[in-house]
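Structural overview
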Amino acid sequence: MEPIILASTSPRRQEILKNLGIPFTVMSPTYDEANIPGMKPQALAEYHSMKKVESIVRMQLNITIPWVLGADTLIVSDGVIFGKPENRADAERMLKTISGKTHEVITAISLFESSKQFISSRTSVNQVSFMELDNDQINRYLDTGEWQGVAVAYRIQGLASCFISTIQGTHSGIMGLPIHDLYAILREHGYAFTI
């Protein structure tokens, strides 16, 4: 298999590619994500993933690795897009917002193939339901520090998984790289990935 440039520094995305045996190198995209007024979350996630790929392609004018993979994950609750908490109080506010509710985890992936100058995208939409959390549960969780640096203050593969009552969708899509969609987009591009 040919190596892929992963336009993401996410340890979870790297872990998924490693588990699949896909060779890759990591490059940090230069694109700064911003909300675009009026753009729906699914379209915004796809736009961000494509822009991340484009930023790597622009940096690598003489691309020796012909494949660039980008991804973007958005978390949406009641129509509001949630980013990473700025501090503990912000993390507490986020957890109280999703407590006892279902929120969406939207992950878009984009793949660029340099030989054909072709880029395409796929989007995975997942529903995550949280149990009703009381203040003690929230504070004990916040004490762990696990909320730092992650959107809406939790990781599905961490301690907060205890709070998740149901998932509709895929675990990998919630982690930030939906495996089924990745497999489909690699096949669409003719990437030599066999199981």
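Structure shown above.
Quick look at the structure, then. Bear in mind that the values here come from a model prediction, so they are computed numbers and not experimental data.

1. Quick word on the nonpolar core
What tends to happen in soluble globular proteins is that the nonpolar side chains get buried as a cluster. Among the nonpolar cores identified, the biggest contains 40 residues, and Leu69, Tyr154 and Leu182 are the most heavily contacted of them. The contact partners of Leu182, leaving out residues within four places of it in the chain, are Leu17, Leu20, Ile22, Leu69, Ile109 and Leu177. With eight residues, the next largest nonpolar core counts Ile5, Met27, Ile65 and Val68 among its residues.

2. Here we look at the side chain of Ser172
Here Ser172 is to be found in helix H5 (residues 171-175). Exposure remark for Ser172: the relative accessible area of 11% places this residue in the buried category. Within polar-contact distance, the side chain of Ser172 engages the backbone nitrogen of Ile179 at 3.0 Å. Those residues in contact with Ser172 that sit more than four places away from it in its chain are Ile16, Leu177, Pro178 and Ile179.

3. Brief notes about unusual backbone geometry
You will see that Asp78, though not glycine, has its phi angle at about 50 degrees, which is positive. The residue Gln117 is not glycine, and still its phi comes out positive at about 55 degrees. As for its placement among the helices and strands, Gln117 is situated in the loop between strand S5 (102-113) and strand S6 (118-130).

4. Quick notes on the pairing of S5
Among the 12 residues in S5, 10 count as buried, and that is most of the element. In terms of strand pairing, strand S3 (residues 67-77) meets S5 through 10 bridges, oriented antiparallel. When the sheet's bridge partners are listed, Leu74 is paired in S5 with Ile106. Sheet analysis places S5 next to S6, joined by 12 bridges and oriented antiparallel.

5. Considering the pattern of salt bridges
By the definition in use, this model includes eight salt bridges. Where Arg88 meets Asp143, a salt bridge forms, and the shortest distance between an N and an O atom there is 3.0 Å. Of this pair, Arg88 sits in helix H3 (residues 88-98) while Asp143 sits in helix H4 (residues 135-144), placing them 55 residues apart in sequence. Using a relative accessible area of 56% as the deciding quantity, one classes Asp143 as exposed. Here Glu188 ties to Arg122 by a salt bridge, and the two come within 3.8 Å at their closest N and O atoms. Highlighted residues: Glu188 in helix H6 (residues 179-189) and Arg122 in strand S6, separated in sequence by 66 residues.

6. Thoughts on the pairing of S6
Taken together, S5 and the strand that follows it, S6, pair antiparallel across an intervening segment of four residues, in which Gln117 is found at a positive phi of about 55 degrees. Where S6 lies against strand S7 (residues 164-168), four bridges are found, and the strand directions are antiparallel. Counterpart to Val128 in the pairing with S7 is Ile167.

7. Details of the environment of Ser115
Position of Ser115 relative to the elements: it lies in the loop between S5 and S6. A relative accessible area of 60% places Ser115 in the exposed class. Sequence spacing of Ser115 and Ile81 is 34 residues, and the spatial spacing of their C-alpha atoms is 36 Å. A distance of 2.9 Å separates the side chain of Ser115 from the side chain of Glu113, its partner in a polar contact.

8. Structural notes on the packing of aromatic side chains
For the coordinates displayed, the defined rule picks out five aromatic pairs. Between Phe130 and Phe163, the ring centres sit 6.3 Å apart and the planes meet at 55 degrees, which makes this aromatic pair tilted. Within this pair, whereas Phe130 is found in strand S6, its partner Phe163 is found in the loop between H4 and S7, the two being separated by 33 residues in sequence. In this structure Phe130 comes out as buried when scored by relative accessible area, which is 3%. Taking the relative accessible area as the measure of exposure, Phe163 reaches 11% and is therefore buried. Following the ring pairs from residue to residue traces out a cluster consisting of Phe130, Tyr141, Tyr154 and Phe163.

Analysis parameters
- Residues numbered from 1 in each chain as written.
- Predicted model: local features only at pLDDT ≥ 70, side-chain atom pairs only at ≥ 80, totals over all residues.
- Heavy atoms only, no water.
- Core = buried A, V, L, I, M, F, W, Y, C linked by side-chain atoms within 4.5 Å.
- Buried < 20%, exposed > 50% of the residue type's maximum accessible area, 1.4 Å probe, protein only.
- Contact = heavy atoms within 4.5 Å.
- Helix = DSSP H or I, 4+ residues; strand = E, 2+ residues; numbered from the N terminus.
- Polar contact = N/O pair within 3.5 Å; in protein donor to acceptor, adjacent residues only side chain to side chain.
- Pairing = 2+ DSSP bridges.
- Salt bridge = Lys/Arg side-chain N within 4 Å of Asp/Glu carboxyl O.
- Phe/Tyr/Trp six-rings, centres within 6.5 Å; stacked < 30°, edge-to-face > 60°.

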